[in-house]
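Close look at the chain arrangement
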Amino acid sequence: RCKDKLDILAISVINQWPTTRLRVIESWDEDGEYLHGKNSLHYEGRAVDITTDDRDTSKYGMLARLAVEAGFDWVYYENRDYIHCSVKSDSFHTPHDSGCFTKDSIVLTSNGSTKAMSDLIIGDRVLSVNDRDEPIFSEIILFMDRNLEQTEQFIQLTTEKGAVLTVTPAHLVMIWNPEKMLTSYVFADQITRNDQVFVHDFTKALRPQRVIKLETVTRKGVVAPLTRAGTIVVNSVAASCYAIVNSQKLAHWSLAPMRLWSSILSYMHPSNQSKETVKEEKRKKRLALEEYESGVHWYAKALYTIKDYVLPITWRH
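Residues numbered from 1 in each chain as written. Predicted model: local features only at pLDDT ≥ 70, side-chain atom pairs only at ≥ 80, totals over all residues. Heavy atoms only, no water.

Named according to an unreviewed UniProt entry, the chain is Protein hedgehog originating from Glossina austeni. As its UniProt record puts it under Sequence similarities (unreviewed entry), the chain is described as follows: "Belongs to the hedgehog family." Per UniProt, the chain carries the Catalytic activity (unreviewed entry) text "glycyl-L-cysteinyl-[protein] + cholesterol + H(+) = [protein]-C-terminal glycyl cholesterol ester + N-terminal L-cysteinyl-[protein]". (UniProt positions renumbered as here; feature names shortened; annotations may be inferred.)

Right, here's the structure in full:
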């Protein structure tokens, strides 16, 4: 949790002072080294001492403010040389262990209309990306997470032509590597300025655009729809439906049972194409959505639980 706050703070520092980087001078220490007080949180990995890399003390007041905004539970301008920051124990804080979009993020549906994330229902076909990196419409088969009342911190990136994507730090976003001429998926908090993300433009094609601005924001409401394709275009920016694991293919493979189950249900209950039936089906789905239990889907929760035991730490956020 302390590392997550540091990652967010590092982005804030770059936005505040483009040529300056965050500098950590103290973090975790072995208990018994007596470098800090007897009950210091440094021995628990919950405290850091920070400065800017240029050691400009005139910036430390703003640095402390940025640390508060990044979510540190305690920020103390301990002396003129550095800022001390710490977080509460994980036992006092339930981390948001999934990747989500804001509830007011917009997607394009197959009938040409747009919808806010909060209005999506299972069965909606939304703009996504196929294996050949081409735009397609893919069906929403479940919600990995949905809580319209939960407040979370997000990474907000803006492209050179004004596209804005707001996602949780651990969410995978599709980027373009012009040197290798390849696409890949990276965590949102690992994207830097001048990285290129894919934007669905007026030509109805996905084209790379440079990221010119990154910032952290706090928003109320989180939604994480899962499409059959495992991808989704949100606010015109291509992203994954997955988070936490740094492999799009592995994440997509792990959700194969839910795609299979969705296909079985579709086969058992084929849709009638009459207008009356379609209208009734949509009404039922909307009612079901209103009754949808807030929080992480049980299958996603199970995957998040076992990931720590089966995946190397380098594969996880």
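Our next topic: the sheet that holds strand 3 (residues 74-79). Remark on secondary structure: sheet strands pair via backbone hydrogen bonds, oriented parallel or antiparallel. Pairing is antiparallel in the open sheet, where four strands are placed in the order 1-2-4-3. Taken across any chain shown, the strands that pair with only one partner, and hence form the sheet edges, are strand 1 (22-26) and strand 3. Geometrically, the sheet is characterised by an average inter-axis angle of 35° between neighbouring strands, direction not taken into account. Pairing of strand 2 (residues 47-52) with strand 4 (residues 82-86) involves four bridges; the strand directions are antiparallel. What sits directly across from A47, in strand 4, is S86. (Pairing = 2+ DSSP bridges. Helix = DSSP H or I, 4+ residues; strand = E, 2+ residues; numbered from the N terminus. Axes fitted to C-alpha atoms, helices over the stretch in contact; angles between N-to-C directions.)

With seven of seven residues buried, strand 16 (residues 237-243) is to be regarded as a mostly interior element. In this sheet, strand 16 lies alongside strand 11 (residues 171-177) in antiparallel orientation, the contact comprising two bridges. Bridging from a neighbouring strand, H171 pairs with A243 of strand 16. The loop that links strand 15 (residues 231-234) with its antiparallel partner strand 16 comprises two residues; one of these, N235, has a positive phi angle of about 50°. (Buried < 20%, exposed > 50% of the residue type's maximum accessible area, 1.4 Å probe, protein only.)

Moving on to the pattern of salt bridges. Inspection of the entire model under this criterion finds twelve salt bridges. Salt-bridge contacts for R1 lead to D73; the nearest nitrogen and oxygen are separated by 2.8 Å. Of this pair, R1 sits in the segment before helix 1 (2-16) while D73 sits in the loop between helix 2 (60-70) and strand 3, and the two are 72 residues apart along the sequence. Residue R1 is classed as partly exposed on the basis of its relative accessible area of 22%. A relative accessible area of 34% means that D73 is categorised as partly exposed. Between K3 and D7 there is a salt bridge, with its nearest N and O atoms 2.9 Å apart. Note that K3 and D7 are positioned in helix 1 at a spacing of four residues, about one turn of the helix. Accessibility expressed as a relative area gives 55% for K3, which makes it exposed. (Salt bridge = Lys/Arg side-chain N within 4 Å of Asp/Glu carboxyl O.)

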